[in-house]
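These are the residues of each chain, in order.
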Amino acid sequence: MALVKCDGISIAYEGQTVVRDLSFQIEQGDYLCIVGENGSGKSTLVKSLLGLKPPFKGQILLGDGLKQDEIGYLPQQTVVQKDFPASVYEVVLSGRLNSRGWRPFYSAEDKKAARENMELLGIREMEHQCFRDLSGGQKQRVLLARALCATKKLLLLDEPVTGLDPLVTAEFYQLIEKVNKEAKIAVVMVSHDIESTIQYASHILHLQESALFYGTAQAYQNSTVGKRFLGGEGNA
Amino acid sequence: MLDTFMEMMSYPFMVRAFLVGSLVALCSALLGVSLVLKRYSMIGDGLSHVGFGALAIAAALNMAPLVVAIPVVVVAAVLLLRISGSSKIKGDAAIALISTGALAIGIMVISMTTGMNTDVYNYMFGSILAMSGEDVQFSILLSVAVLILYLFFYNKIFAITFDETFARATGVRANLYNTLIAVLTAVTIVLGMRMMGALLISSLIIFPALTSMRVFKNFKGVILNSAIVSVVCLILGVTISYVYATPAGASVVVVNMAMLAIYSVIGVLKNRNNGK
């Protein structure tokens with residue numbers, strides 16, 4: 001069974017249907033990239049995958065022992081975080097909350113997991129630094145480490161490279177690929193940056209209310225939709 | 001020095017003022033860190049105006065102030081949170097709506113009944129004499145509730161304050177904790193406002209958090225320091241109020257301002273040293 005299986009889902013946002021009759025699935029180890037124009041329903045779909053906005057039609061099934069609160073989510077950064085006094089360690093550790101339930105304090109195991117993920121992403125030495133003093137790329141690494149703390153199976157990244165410079169963006173993509181290949185964690189990434197993502201993704205979902213295209217990245221490059229979208233971006 | 005202290009403590013009303021004040025200062029500082037970081041700084045101000053309206057009505061009906069004010073302000077707090085959560089009216093506008101509305105109702109009730117008297121003046125600017133034995137009991141209950149919340153749910157409060165969407169995605173019941181924080185804030189404000197004054201009580205929520213954020217760079221440090229700074233400022237302020245016969249609320253705020261200035265300087269010096 002797939003990790004996530006969306007079966008004919010329709011989702012509304014403020015009374016308007018923004019996603020219609022969408023079906024797709026995510027298997028273990030997949031790297032699915034969700035592309036589409038602004039307002040094509042990408043963010044709403046992300047909310048539904050996280051269980052925060054149930055679809056009004058169809059259903060989202062989680063399989064392979066994936067629990068709803070065990071999706072490692074990397075959200076877009078909020079205004080609140082710009083001046084938030086929190087150390088890197090505090091932020092990363094907060095990813096382990098879902099393993100806590102009603103127990104109030106973190107265990108030694110939680111702390112170890114946080115340290116390991118910081119190690120993996122090369123941010124261990126900034127563990128006592130303040131989150132707000134970091135650069136954009138460093139912040140994303142911290143939030144990625146937090147997301148990794150929350151999951152063993154599926155990462156969900158919402159526009160993770162927005163505002164990063166090209167060099168940092170490339171590094172970040174490599175990190176995600178490493179996580180996908182080495183830790184065998186499936187990745188779902190919402191992105192505008194189609195040209196880069198097509199190199200890494202195994203599957204593409206092109207969203208325009210419903211799926212304009214859904215299939216492997218290779219097939220996308222040869223499809224009419226893919227050619228138009230990729231070519232169009234190239235000419236612009 | 002010691003003589004003054006002994007003299008102050010020989011008055012039961014001063015003992016009550018110190019006790020209730022310190023507990024309210026402690027609670028408002030803890031709750032304040034989360035509120036300030038979530039951009040809800042003005043919620044305290046809004047709720048204190050609602051509290052003013054409720055006290056005016058209680059006085060007009062000859063009812064016990066806390067019995068009327070606590071439920072009304074709690075409802076207003078939950079309402080504010082709900083309205084801010086929906087995108088139809090933005091948070092700051094919602095607070096302005098509710099606070100001016102409640103203030104207007106309070107003034108109408110006062111003008112139709114007692115008129116502007118000393119009681120009303122005290123509601124506005126606070127009085128050190130206002131604390132009763134009932135207030136002492138309430139404030140002990142409140143601070144126990146707030147301390148339990150922060151001790152046992154500290155990690156969840158951090159997660160919700162830092163990133164509510166992520167917290168909800170990982171199974172934290174954000175609405176529950178937000179409501180809990182709003183309700184406790186409401187009770188804190190009602191208890192504190194007769195001493196600090198409706199116009200000044202929100203300072204207890206905002207100042208300690210901002211002061212601590214000048215120097216501390218992690219959440220735990222900010223929380224602990226806010227609690228300490230808030231209680232210290234309150235005790236100093238009330239002492240000044242006693243010695244120089246100044247209004248309690250204003251004295252506490254002035255001490256808080258001085259503390260903010262001191263911490264700002266420390267913060268700048270610390271950053272400069274780190275820069276080198």
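Residues numbered from 1 in each chain as written. Chains lettered and ligands numbered in written order. Predicted model: local features only at pLDDT ≥ 70, side-chain atom pairs only at ≥ 80, totals over all residues.

**Examining the overall build of chain B**
- When helices and strands are counted, chain B shows 13 helices and zero strands.
- Taking 2.2 N^0.38 as the reference for a compact globule, 276 residues should give roughly 19 Å; the C-alpha atoms of chain B span a radius of gyration of 19 Å, in line with that estimate.
- Each principal axis of the C-alpha atoms in chain B carries an extent, and together these give about 55 × 50 × 30 Å.
- Buried residues in chain B amount to 51% of all 276 residues.
- Once local pairs closer than 6 in sequence are excluded, the contacts in chain B between residues at least 24 apart make up 75%. (Helix = DSSP H or I, 4+ residues; strand = E, 2+ residues; numbered from the N terminus. Rg over C-alpha atoms; globule rule 2.2 N^0.38 Å. Buried ≥ 20, exposed ≤ 12 C-beta atoms within 10 Å, placed from the backbone. Contact = placed C-beta atoms within 7 Å.)

**Some thoughts on the pairing of strand β5 (residues 71-74) of chain A**
Residues and elements named next belong to chain A.
- Of the two faces of β5, the one lined by Ile71 and Tyr73 and the one lined by Gly72 and Leu74 are each fully buried.
- Sheet topology note: the β5/strand β6 (residues 154-158) ladder contains four bridges and is parallel. Directly across from leucine 74, in β6, lies its bridge partner leucine 157. (Pairing = 2+ DSSP bridges.)

**Examining the interface of chain B and chain A**
- Taken together, the contact pairs 24 residues of chain B with 22 residues of chain A.
- Of all the secondary structure elements, the ones that give two or more residues to the side of chain B that touches chain A are α8 (154-162), α9 (164-169) and α12 (219-244) of chain B.
- Across the side of chain B that touches chain A, the residue classes break down as 13 nonpolar, five polar and six charged. (Nonpolar A, V, L, I, M, F, W, Y, C, P; charged D, E, K, R; others polar.)

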